[in-house]
Amino acid sequence: MAAVSQAASSRVLEKCGLEQILEALKLLLSPGEGSGSNSLQITKHDILLATLKSNLSALEHKFLKDPHWKILKLLRDEIANEAEWPQDSMDVTWHFTSQTLLLLLCLKETMLRLAADFNPGKPNPKTPETAPALSPDTLSVSQQKTVQSVLQFVVTLGVCPYLAPGVGVPLRFRTEFGAVVQDVVCLSAAPSATRRLYTSCSVLLSVAQHASLGSLVFCRHFGDIAAGLCQLGFCPSKRSPLSPEEEVLSEEERALSKKALRDILDQVYQPLAVRELLILQGGPPQSCSEGKMQDRCRAPAWLRRLCGQLLSERLMRPSGVQAVVRGILEGAGAGAAGGSDAEATAADWKKCDLIAKILASCPQQSLSPEDYYRDICPQILDLFHFQDKLAARQFQRVATTTFITMSREQPQLAAKYLLQPMLAPLHRCLNTAEILESDMVPGTILVTEEQLGRCIEDIYKVYVVGNEPLSVLVDSLLPVLGVLFSLYCFTKQSVSHLRSLCQEILLWILGRLERKKAIASLKGFAGLDKSVPALHSLCHFRAATQGGIMITIKEAFCDEDEALYQKVSSEQCRVEHLGGLLSHCQECGLAGDFFIFCLKELTHVAVEDETELKMKSFSNKSLLELEQHQTLLVEGQERKLLVLQLVALLCERMSEQIFTNITQVVDFVAATLQRACASLAHQAESTVESQTLSMSMGLVAVMLGGAVQLKSSDFAVLKQLLPLLEKVSSTYPDPVIQELAADLRITISTHGAFSTEAVSVAAQSTLNKKDPEGKREEQQQTSYERYSDVSHGHLEPQQSHVASHEVREPSTTAKQKSESVTTEELQEALLSAYDPQIPTRAAALRTLSRWIEQREAKVLNMQEKLLKIFLENLEHEDTFVYLSAIQGDMVSKYREPLIHTFLRGARDPDSAHRASSLSNLGELCQRLDFMLGSVVHEVTACLIAVVKTDHEVQVRRAAIHVIVLLLRGLSQKATEVLRDVLKDLYHLLKHVVCLEPDDVARLHAQLALEELDGIMRNFLFPPQKLEKKITVLP
C-alpha cells in the first residue's frame, strides 16, 4: 500500500504545475467581497474576517467545481494527510493560515520535482553567447511578489500574534493592519497559541529548504521566525504540567526548535543575524518612531541572556567581528557597501563607542580574557584594511575606537595581541633584533612594501587619529621611534605618501612623551645616544615597485672611502631632517628644551680636558687596549662635531620664539654662564664667548627691566642663576661683565626691588637689537666676530653701553633731523671710532657718516678730523671696518685711488681678498653716480673677466653683485652713465643666467636683469604727466 501511495503521489506531482499553485495563492490574497461594502456599521475587524472566510470558500469552491484544479486538490489533500499539525479551527485566522501553509508546501514540492527533472543539455559551441536555459523552478518577478505577499500574511497571522510580550516587535507597533490582526485572532480556540506558533515556524523552515523560497523567507521574516524559535525552545514554563496530555510542546519539539534556531543563525547572512538578535535583545527597530516605542514591553530576562549568548557565539566565529560591525552599522542605515548614509554613520562616535565596548568585553563563553583576545584581535586589525572607501572609513573608525578601548581596559593583553602584531614589521629590523642567518643575504626583503605601508598607516590611525595618549600605547611605540625617524629621513629624499604619516606620528609621540623621554628620543635621532634602539646596521630602506618602501639587507661597501662618505652624508641628512622636525615643535617647548640640552653638551665639548688621556703612558698597554683607546678618541671627536653641527643647525632653523617660558630662558642663560665659567677655568675665553655671555645676561636684564611680568615663582627660577652670576662677577676678566653680573645678582635677590643703572642700560641695549637695521648689523657682527680679540680698555663701562645704544638706533635718529647732535654724543662716537672691538668701531663710523649726510653743523665743523679717522680706518684689515669707512661724503675726493686699489685687489691671489675688493667696488660705484666717469670701461672689463674666468664661486657672486649695486644705485641715471657699456653688461648677465652653474650667482644676475628691465621700461615709456604751461606775456 505504501508503494502504491508513493506512486500516486509521484503522478500527482508530475501533473501539477506552478501556475495553478500560484493562482490558488492569489485567490487567497484577493480583497474579496466584504472589503467593498459601503455599510459604516461594519468595522475593520469584521471586514478582515469576512474577507478571509470569503477567500477560503472561493478556494474550496474551485477545488470542488473546477476540474482543472483537481490535481492541485489531490496534492493538497495528500500533504494535509501527511501533516501532523491541526488544520481546522473555529478561529478563521488560523484556518486561513493552515490552508496557506499547505499551498506553500505544495509549491515547494512542485519546485523540487521540477528542478530534479530538469536536464539543460550541453551548450552549443557554435553559439557560446547564448544564455543558458533557466531551470523550470525559477520564479518570475510577479510570482516572487505573490510569494512574498503570501509569506507576509503567514507571518502576520501565524507567527506574530502568538509571540509573548517583549519577544519581538508587537504587531500593533508595526502597521495599522497588524493592529487589526492582533485583535481578530481568537486565542481561546483550538489549537493553542504555542502549537500554532510551532506549526507556522516548522512549515516556514520546511519551505525555506528550497533555495529560492528560502531567500524570500529569510530576507524579510528572519527576525520574526527567530523570535518564534527562541520562545519555543528557550521560554521557561510558568507552571509544571499536570499530565503529558496537557503539555503543549514535548521536550523533543523544544530541542528541535533550539536546533532549528542555531541552524538558521549559521545559515543566513551573519550581519543580518547580528542585527536581528540585537533587536530581540531590546534594541528598537529602525523603522519605528520613538513615540510608538515608549509603550513597548521590555524583553524578558531569559531572552536578553539568550540573545547575549547567541551574539557572543556570532562574535567568536571566523569573521565574527566583521559580522558584528556590519550588523550594527548596516542596521543604522549604512547599507552593505556604505550606502548614502555612510558619512553620517562614520561621524556617529556614540555608535562606534558602543561597538568598541561590545568587542572589548569578554563573553562568558570564552575560557579566559586572554583566549578571547587571542581570537578576536587579529580580526580587529583586519578592520583597518578594507578597500572600499565608504565602508573602510566606518570600519577604521570602529577599529580605532576598539583599539583604544581594549588598551584602556586590558593594557597587557592589548600590548601582546594588538600592538605587538601591528608593530612587528618595525621590530623586525631593529638593531636589538636577531636576524636569521638565512635572511642575512644582501638583497633579502625583511619587510615588504605592503607590510610596511600597512604598519605605518595602522600606527597613524591608532595614535594620531585616535589621539589617546595611553601609557601602553606610548610605551609600545617608544622602542621603534628610531626606525620611524630613519624612515622619515628616507621619505624626505623623494616623493612618498608615507612622509606625512611618519611626520605626524613623530610629532604626536614627541608631544605626548614625558620631556625627559622626548629629549632622550631626540638624542637617539641625532646619534648622540647609541643606547636608543635604531635601524639595524645591516638594514636599509629601498623604493619598491608600487611606489612604496621596503626594508632589505644592504650590500657591504667594498671601498672604505665610499662607506665613510655614506656614513657622513647619512648623519648630516639626519641632522638636517631633525632640524626640520623640531621646527614644528617650538610651540610646545620641546625645541627649546633640546636646544638647551645641546648648549649644555657644547659646554663639555668646548672645554673638555683631554690632557689626562694624552698624558697616559701606553708603553705597557697591549695593541688591543691601544686600539680601544683610539676608538674612544674617534667616537669622542665624532660626538663633538655632531654637537657643534646640531647647535649651528638649531641656531639657523629656529625662530626667536623658540623659548616659550621663563624657565627655558633661565636654563639657556645658565648654560651660557656655565660655559663661560668653564672657559675661564681652562683659559679658553674668546670673543664669541664674551659676546654670547653679554647677550644672555642682557636677556636677564630685559626680564628684570619689566619686559616680562614676573611672579614670585619666576624669581624662584631666576635664583638658580645666583651662584653662577657670583662666580662670573668674581672671576671674569671684563669689568663691564663683572659689574653687570653683580648688579643682576642683586636685582634677582631683591626680587626687583633694587636695580642699578647698568641693568637698565643692558636691557635697553638688548631691546634695541630688535630694530630692523639693528638686526642687519647684528648679522654682520656675527660674521666678523671670529677676527676680534678681547680688549676693553679706554672706554668707561657706561660709555661703552651708551655707544652701543647709540649705534643701534640709526633709523630713529634719521627721522629726527631737526634734533641736533650733542657734544657728548659726538665725543662718544669719536671715541668709539678707535674702539678695538670691530662691531663697535664699524657702528661708530656708520653713525658719523650718517651725521655728515644729515649736514649736522657740529659734525661739519670737524671735517678734517673726521677725514683723518676715515682714512685711518681705510687701512684696517677687516672689511667690515673699511666698508663702513668708505661711506662718507669724502669718497668723491678719493675716487681714483679707491677704484684702482679695489681693481688691483680683484686680481689678488687670495679669493677672499678678491671677493672683498669687488664688494667694496660695488659700494663705491653705487655712490659715485656721474663721477664714475671714464673708469666705467675699466670696471666693466674687470667684471666681465672675473665672471667668465674666475674659478671661485664667491668671487663670481661678488662680481655679479657689483652690477646689481651699480644699477640699483644709478637707477634712471644708468642710461646716461653706462650708455657705452650697458649692452656689454646685458650680454654678461644673460650669459650668467644661461651658463652659470651656481644658483646664487644666477639669482644675482636675474635680479640685475630685473633692475635693468625696469630702468629701460621707464626710459622708453616714461610716465605721462598732465601739465599745463602758463606763459606770462610781457
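Residues numbered from 1 in each chain as written. Predicted model: local features only at pLDDT ≥ 70, side-chain atom pairs only at ≥ 80, totals over all residues. Heavy atoms only, no water.

Going by what an unreviewed UniProt entry lists, the protein is known as Transport and golgi organization 6 homolog and is assigned to Bos taurus. Quoted verbatim from the Sequence similarities (unreviewed entry) field of UniProt, the annotation for the protein is "Belongs to the Tango6 family." (UniProt positions renumbered as here; feature names shortened; annotations may be inferred.)

Participant: Before we move on, could you go through helix 45 (residues 935-949) and cite the residues and values that matter?
Facilitator: Here helix 45 is 15 residues long and its end C-alpha atoms lie 21 Å apart, about the 21 Å a rise of 1.5 Å per residue gives. Buried within helix 45 are the following residues: Val 935, Val 936, Val 939, Thr 940, Cys 942, Leu 943, Val 946 and Val 947. Along the axis of helix 45, the buried residues cluster in a sector spanning 160°; they form a single face. In helix 45, the exposed positions angled more than 90 degrees off the buried face are occupied by Lys 948 and Thr 949. Residues of helix 45 that are buried sit in contact with helix 43 (895-905), helix 44 (911-928), helix 46 (953-970), helix 47 (974-977) and helix 48 (982-995). (Helix = DSSP H or I, 4+ residues; strand = E, 2+ residues; numbered from the N terminus. Expected span 1.5 Å × (residues − 1). Buried < 20%, exposed > 50% of the residue type's maximum accessible area, 1.4 Å probe, protein only. Arc of directions from axis to C-beta. Contact = heavy atoms within 4.5 Å.)

Participant: Got a sec to walk through the environment of Val 666? Specific residues and values, please.
Facilitator: Looking at where Val 666 falls in the secondary structure, it is placed in helix 29 (residues 662-681). With relative accessibility at 0%, the residue Val 666 sits in the buried group. With 34 residues separating them in the primary sequence, Val 666 and Val 700 have C-alpha atoms 7.8 Å apart. For Val 666, the contacting residues outside a window of four places in its chain are Val 717, Leu 718, Gln 720 and Leu 721.

Participant: How would you summarise the packing of aromatic side chains if you had to cite specific residues and measurements?
Facilitator: One pass over the structure, following the stated rule, counts 13 aromatic pairs. Ring geometry for Phe 63 versus Trp 69: centroids 5.8 Å apart, planes at 65°, classification edge-to-face. In this pair, the class of Phe 63 matches that of Trp 69, namely buried. Taking the centre distance of 6.3 Å and the plane angle of 45° together, the rings of Phe 384 and Phe 403 count as tilted. You can see Phe 384 sitting in the loop between helix 17 (369-382) and helix 18 (389-409) and its partner Phe 403 sitting in helix 18, a full 19 residues away along the chain. (Phe/Tyr/Trp six-rings, centres within 6.5 Å; stacked < 30°, edge-to-face > 60°.)

Participant: Explain the side chain of Glu 996 to me, using residue names and the numbers behind them.
Facilitator: Positionally, Glu 996 belongs in the loop between helix 48 and helix 49 (999-1020). Separated by 2.9 Å, the side chains of Glu 996 and Arg 956 make a polar contact. (Polar contact = N/O pair within 3.5 Å; in protein donor to acceptor, adjacent residues only side chain to side chain.)

Participant: Account for the sheet that holds strand 1 (residues 445-447), naming residues and giving values.
Facilitator: The three strands are arranged 1-3-2 in an open sheet whose pairing can be described as antiparallel. In this open sheet, the two edge strands, each paired with only one partner strand, are strand 1 and strand 2 (539-543). On average, adjacent strands in this sheet sit at an angle of 45° to one another, irrespective of strand direction. Pairing of strand 1 with strand 3 (residues 549-553), which is carried by two bridges, proceeds in the antiparallel orientation. Within strand 3, the position partnered with Ile 445 by the bridge is Thr 552. With respect to the sheet, helix 20 (residues 449-465) is in contact with strand 1, strand 2 and strand 3, its orientation differing from that of strand 3 by roughly 125°. Together, strand 2 and strand 3 form the strand contacts of helix 22 (residues 481-491), whose direction differs from that of strand 2 by roughly 35°. (Pairing = 2+ DSSP bridges. Axes fitted to C-alpha atoms, helices over the stretch in contact; angles between N-to-C directions.)

Participant: Now, about the confidence of the model for the protein: what can you tell me, with residues and values included?
Facilitator: Chain-level pLDDT for the protein is 78 on average; 81% of the residues reach the 70-or-more range. In the predicted structure, residues 34-41 sits below a pLDDT of 50 and forms four contacts with residues beyond four places in sequence or in another chain. In this model residues 609-615 is a low-confidence stretch, pLDDT under 50, and it forms six contacts with partners more than four residues away in sequence or in other chains. (pLDDT = per-residue confidence, 0-100.)

Participant: Tell me about helix 17, and please be specific about residues and values.
Facilitator: Taking 1.5 Å of rise per residue, 14 residues should cover 20 Å, and helix 17 covers 20 Å from first to last C-alpha, within 8% of that figure. Helix geometry: helix 17 is bent most strongly at Ile 376, by close to 35°, with proline Pro 378 lying one to four residues after it. For helix 17, the set of buried residues is Tyr 372, Tyr 373, Ile 376, Cys 377, Gln 379, Ile 380 and Leu 381. (Bend = angle between axes of the 7 residues up to and from the residue.)

Participant: Help me get a handle on the pairing of strand 3, residues and values and all.
Facilitator: Here strand 3 lies mainly inside the structure; five of its five residues are buried. Side chains Ile 549, Ile 551 and Ile 553 of strand 3 all project onto a buried face; the interleaved residues Met 550 and Thr 552 project onto the opposite face, where all are buried too. Here strand 2 pairs with strand 3 via five bridges, running antiparallel. Among the inter-strand pairings, Ala 543 is bridged to a residue of strand 3, identified as Ile 549. Connecting the antiparallel pair strand 2 and strand 3 is a turn made up of five residues, with Gly 547 showing a positive phi of about 90°.

Participant: Hey, could you go over a nonpolar patch on the surface for me, with residue numbers and the actual values?
Facilitator: A cluster of nonpolar residues, Phe 1019, Leu 1020 and Phe 1021, forms a patch on the protein surface that exposes about 370 Å² of accessible area. Among the structural elements, Phe 1019 can be located in helix 49. (Patch = residues over 30% accessible without salt bridge, like charges linked within 9 Å, V, L, I, M, F, W, Y side chains within 5 Å. Areas by Shrake-Rupley, 256 points an atom, 1.4 Å probe, with all protein chains shown as cover. Salt bridge = Lys/Arg side-chain N within 4 Å of Asp/Glu carboxyl O.)

Participant: So what's going on with unusual backbone geometry? Residues and values would help.
Facilitator: The omega torsion of the bond from Ala 190 to Pro 191 falls at -5°, within 30 degrees of zero and hence cis. Mapping Pro 191 onto the fold places it in the loop between helix 7 (176-184) and helix 8 (193-207). Non-glycine residue Ser 319 carries a positive phi angle of around 60°. Positionally, Ser 319 belongs in the loop between helix 13 (301-316) and helix 14 (320-331). A relative accessible area of 46% means that Ser 319 is categorised as partly exposed.

Participant: Could you give an account of the packing of helix 16 (residues 349-360) against helix 18, naming the residues involved and the relevant values?
Facilitator: The geometry of helix 16 relative to helix 18 is characterised by a closest axis approach of 8 Å and an angle of 50° between their N-to-C directions. One element, helix 16, and the other, helix 18, form an angle in the oblique class. In the packing of helix 16 onto helix 18, the handedness of the crossing is right-handed. Mapping the contact onto sequence places Trp 349, Cys 352, Asp 353, Ile 355, Ala 356, Leu 359 and Ala 360 in helix 16 and Arg 397, Val 398, Thr 401, Thr 402, Thr 405, Met 406 and Glu 409 in helix 18. (Parallel < 35°, antiparallel > 145°, perpendicular 65-115°, else oblique. Left-handed = near helix turned anticlockwise from the far one by under 90°.)

Participant: Requested: an account of the pattern of salt bridges, with residues and values cited.
Facilitator: One pass over the structure, following the stated rule, counts 25 salt bridges. A salt bridge links Glu 253 to Arg 195; its shortest N-O distance comes to 2.9 Å. Residue Glu 253 is found in helix 10 (residues 251-267), and its partner Arg 195 is found in helix 8; the two are separated by 58 residues along the sequence. As far as the burial class goes, Glu 253 and Arg 195 line up, both buried. Here Lys 416 makes a salt bridge to Glu 370, at a shortest N to O gap of 3.0 Å. Separated by 46 residues along the polypeptide, Lys 416 in helix 19 (residues 411-427) and Glu 370 in helix 17 bring together distant segments of the chain. By relative accessible area, Lys 416 is classed as partly exposed at 40%. The network of salt bridges with shared partners includes Glu 60, Lys 73, Arg 76 and Asp 77.

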